[in-house]
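Here is what each chain is made of, one letter per residue.
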Amino acid sequence: MTQVKEKERKLTIARAMAEAIAQEMRTDDKVFVMGEDIGELGGVFGNTRGLHEEFGGERVRDTPISETAFIGAAVGAASDGMKPVVELMFVDFFGVCFDAIYNMMAKNTYFSGGNVTVPMVLMTSTGGGYSDGGQHSQCVHATFAHLPGMKVVAPSNAYDAKGMMIAAIRDPNPVVFMFHKALQGMGWLGTEKEAIVHVPEAAYEVELGKAIVTRPGTDVTIVGITSGVHFGLKAARILGEQGVSAEVVDLRSLAPLDRDTVIESVKKTGRLIVVDEDYHSYGMTAEIIASVVEAGVPLKAAPQRVAYPDIPIPFARPMEQWALPSPEKIIAAFNKMKED
């Protein structure tokens, strides 16, 4: 019997997220969506486009500008058996609702001795590069990953975005779904073309907590998440022209963190560079390096990290571009390894 190959269908991350949510809403009427501008507008970043037209205002609820109120309401609904998908428009706004996130969403299962689950998805945008200042441009991956009780995931492409969103909605645990604005496929933000990939029409899951090698190599391991993956891939291509074989690992998830995939890669290459648009100190970059060192992996050179400097994100474009990670900074980190 001849197998029919599925026709290629490339989607943006924004469309993939909206499709994933819609498919879960069709099969499970406990799933509903809340957030600012997620109704008729379809979300500022396109994550909920088309949902209001299909499901109406009862299941796709525009909320007032009160993150504490609607995230607290989502925690209550999830604890009572519903499956809310709630959008915190910018991750930078977590400060006004952190009690609802960390002292309720992340802890209610523990507080109840496992008798009450909190199956909710908190989706939120991250990342800068478009001169929107220090209150709308952060990644703060480590802030959420550091706190136990919730899963923290972040896709770098549309295929992963759909599969991870479906897995997150079906997960009985609270999941923080962090999407990078520059990868969404929204033209006004600029578009990373490599994030737009084939996405199957049928529903599928991508395992939360499992990293993937996106480019095999033998000379250096470059580990990243969201934008860091694309910086790493661009750097790997340039290094390849110089005769250097770079392996790129997409973490996809920060909690759970797939240390094993990273460790196995570094065992092969002997060199490690970690890339993150989050801040330099106390972040994911340090955690990955510590995990490799604690595992006793033999290294040919000191590990390097390429991250955002420990400064508030500048508004001025030249200053912000100077601070962001880049392929050039990754190549400079590799050259430093050679000097060592």
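Please read all numbers here as calculations on a predicted model, not as lab measurements.

Take the pattern of salt bridges next. Following the criterion strictly, the structure yields 15 salt bridges and no others. Glu24 is the partner of Arg170 in a salt bridge, and the nearest nitrogen-oxygen pair spans 3.0 Å. Placement of Arg170 in helix α7 (residues 158-170) and of Glu24 in helix α1 (residues 13-27) is noted, with a sequence separation of 146 residues between them. With a relative accessible area of 38%, Arg170 lands in the partly exposed category. Of the residues examined, Glu24 reaches a relative accessible area of 5% and is grouped as buried. When the shortest N-O distance is used, the salt bridge between Lys234 and Glu192 registers 2.7 Å.

Turning our eyes to something else, we now look at the domain arrangement of the protein chain. A common way to report how large an interface is uses the accessible area buried once the components associate. By the assigned domains, the protein chain splits into domain 1 (10-198) and domain 2 (212-339). Relative to domain 2, the C-alpha centre of domain 1 lies at a distance of 26 Å. Contacts between the two partners involve 31 residues from domain 1 and, on the opposite side, 29 residues from domain 2. Per-residue buried area on domain 1 facing domain 2 is highest for Ser131, His141 and Glu194; these three make up 24% of the total on that side. Between Glu194 and Arg237 there is a salt bridge, and its shortest N-O distance comes to 2.6 Å. Counting every contact that joins domain 1 to domain 2 gives 17 residue pairs in polar contact (both at pLDDT 80 or more). Those elements that provide at least two residues to the side of domain 1 that touches domain 2 are α6 (141-145), β6 (151-153), α7 and β7 (175-180). Of the residues belonging to the side of domain 1 that touches domain 2, the class tally is 14 nonpolar, twelve polar and five charged.

For the rest of this paragraph, the subject is the sheet that holds strand β3 (residues 60-62). On the basis of which strands lie adjacent, the open sheet formed by seven strands has the order β3-β2-β4-β5-β7-β6-β12 and mixed pairing. Two strands bound the open sheet, and with one partner strand each, they are β3 and β12 (253-255). Going across the sheet, the axis of each strand differs from the next one's by a mean of 20°, ignoring polarity. Bridging between β6 and β7 involves three bridges; their strand directions are parallel. Counterpart to Lys151 in the pairing with β7 is Val175.

Inspection of helix α9 (residues 259-269) places Thr261, Val262, Ile263, Ser265, Val266 and Thr269 among the buried residues, and these make up the whole buried set. Packing partners of the buried residues in α9 comprise β9 (212-215), β10 (220-224), β11 (246-250), β13 (272-279) and α10 (284-294). With a side-chain oxygen positioned 3.3 Å from the backbone nitrogen of Asp260, the residue opening α9 is Asp258. Phi turns positive, to about 80°, at Gly270, one or two residues after α9.

Attention now goes to the pairing of β11. Counted residue by residue, β11 has five buried out of five residues, so it is predominantly covered. Across the two faces of β11 the burial is the same, with Ala246, Val248 and Asp250 and Glu247 and Val249 all buried. Pairing geometry for β9 and β11, over three bridges, is antiparallel. When the sheet's bridge partners are listed, Val213 is paired in β11 with Val249. Pairing of β10 with β11, which is carried by five bridges, proceeds in the parallel orientation. Bridged to Val223 within β11 is Val249. Considered for its hand, the β-α-β crossover made up of β10, helix α8 (residues 227-241) and β11 is right-handed.

On to the packing of aromatic side chains, then. Applying the stated criterion across every chain, the model contains ten aromatic pairs. Between the aromatic rings of Phe94 and Phe144, the centroid separation amounts to 5.6 Å while the plane-to-plane angle is 70°, which identifies the pairing as edge-to-face. Linking Phe94 in the loop between β4 (83-90) and α4 (98-105) with Phe144 in helix α6, this pair joins segments that are 50 residues apart in sequence. For Phe144, a relative accessible area of 0% puts it in the buried group. Site record: aromatic cluster; members linked through ring pairs are Phe45, Phe90, Phe93 and Phe179. Sitting over the face of the ring of Trp322, Lys329 holds its NZ or CZ atom 5.9 Å from the ring centroid.

Rules used in this analysis
Residues numbered from 1 in each chain as written. Predicted model: local features only at pLDDT ≥ 70, side-chain atom pairs only at ≥ 80, totals over all residues. Heavy atoms only, no water. Salt bridge = Lys/Arg side-chain N within 4 Å of Asp/Glu carboxyl O. Helix = DSSP H or I, 4+ residues; strand = E, 2+ residues; numbered from the N terminus. Buried < 20%, exposed > 50% of the residue type's maximum accessible area, 1.4 Å probe, protein only. Domains from an automatic or database assignment. Contact = heavy atoms within 4.5 Å. Buried area = accessible area lost by both parts, 1.4 Å probe. Polar contact = N/O pair within 3.5 Å; in protein donor to acceptor, adjacent residues only side chain to side chain. Nonpolar A, V, L, I, M, F, W, Y, C, P; charged D, E, K, R; others polar. Pairing = 2+ DSSP bridges. Axes fitted to C-alpha atoms, helices over the stretch in contact; angles between N-to-C directions. Right-handed = clockwise from strand over helix to strand, strands pointing away. Phe/Tyr/Trp six-rings, centres within 6.5 Å; stacked < 30°, edge-to-face > 60°. Lys NZ or Arg CZ within 6 Å of the ring centre and 35° of its normal.

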